[in-house]
Amino acid sequence: MSGEHYFSADPAVAHERHEVVFEALDQEFRLASASGVFSWSGLDRGTAVLLAEAPPPGPDTEGALLDLGCGYGPISIVLATAAPRTTVYAIDVNQRALDLVRENAGGRRIVAALPDEVPETVSFAQIWSNPPIRIGKAELHALLLRWLPRLTPDGVAWLVVAKNLGGDSLQRWLAEQGFTAERHATDKGFRVLRVGKPLS
């Protein structure tokens, strides 16, 4: 066991391919995945809850959307399918994940990028994330404080966090930072949080 994590920049584990099949937006998606990427053998339960419980952007939605910690791209693909006028930024630190997103994009308007490759001028109408809780609380808080302020004034972020991994404490922390943070849904032990920018 190497101790390597899916948030390694360049995973050294063998590149074993897999196809992940799931349903969203009343259609079937079939995406390429590979070892060394988060939940590579099947759709993560948290991601499944997020896609089932949070309302997808409408077809007339414009602007930019963000998939924060995209993995091989299930959230990005669903967002770009639901809202084809938007540009979805799929960001991850894992190069193998970004390569898979590009493969899975299928002509959709998806930009797979490292975090530092996203132009500072871009604001997001929506941010979606099954955040990497296991990087640790300090790192997670820094990650959210980097990206949530880039919501447009009326933008919304949808986050899914397991209750036993601190979903409720994260909601309280977001409120302490001045964000609006509401529990939108609870399903299968996960909290789906709706987060907005400070009202003031």
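Residues numbered from 1 in each chain as written. Predicted model: local features only at pLDDT ≥ 70, side-chain atom pairs only at ≥ 80, totals over all residues. Heavy atoms only, no water.

Side note on the side chain of Asn 104
Argument step 1. Residue placement: Asn 104 occurs in helix 3 (residues 95-104).
Argument step 2. Here the side chain of Asn 104 touches Tyr 72 through a polar contact of 3.0 Å, landing on its backbone oxygen.
Argument step 3. Apart from residues no more than four positions distant in its own chain, Asn 104 is found in contact with Leu 31, Ala 32, Tyr 72 and Ile 77. (Helix = DSSP H or I, 4+ residues; strand = E, 2+ residues; numbered from the N terminus. Polar contact = N/O pair within 3.5 Å; in protein donor to acceptor, adjacent residues only side chain to side chain. Contact = heavy atoms within 4.5 Å.)

With respect to the packing of aromatic side chains
Argument step 1. All chains considered together, the criterion is met by 4 aromatic pairs.
Argument step 2. Summarising the aromatic geometry, the rings of Trp 128 and Trp 158 are spaced 6.5 Å apart at their centres and angled 55° between planes, so their arrangement reads as tilted. On the criterion of sequence distance, the pair formed by Trp 128 in strand 6 (residues 124-129) and Trp 158 in strand 7 (residues 151-162) is long-range, its members being 30 residues apart. With respect to class, Trp 128 is no different from Trp 158; both count as buried.
Argument step 3. Aromatic rings pair up to connect Tyr 89, Phe 124 and Trp 147 into one cluster. (Phe/Tyr/Trp six-rings, centres within 6.5 Å; stacked < 30°, edge-to-face > 60°. Buried < 20%, exposed > 50% of the residue type's maximum accessible area, 1.4 Å probe, protein only.)

A closer look at unusual backbone geometry
Argument step 1. Even without being a glycine, Leu 25 presents a positive backbone phi close to 55°.
Argument step 2. Structurally, Leu 25 can be placed in the loop between strand 1 (17-24) and strand 2 (27-34).
Argument step 3. Positive phi is not limited to glycine here, since Lys 188 has a value of about 55°.
Argument step 4. Mapped onto the elements of the fold, Lys 188 is located in the loop between strand 8 (180-187) and strand 9 (190-196).

A look at the confidence of the model for the protein
Argument step 1. When the pLDDT values of the protein are averaged, the result is 90; 91% of them are 70 or greater.
Argument step 2. Between residues 1-9, whose pLDDT stays under 50, and residues either more than four places distant or in other chains, the model counts 17 contacts. (pLDDT = per-residue confidence, 0-100.)

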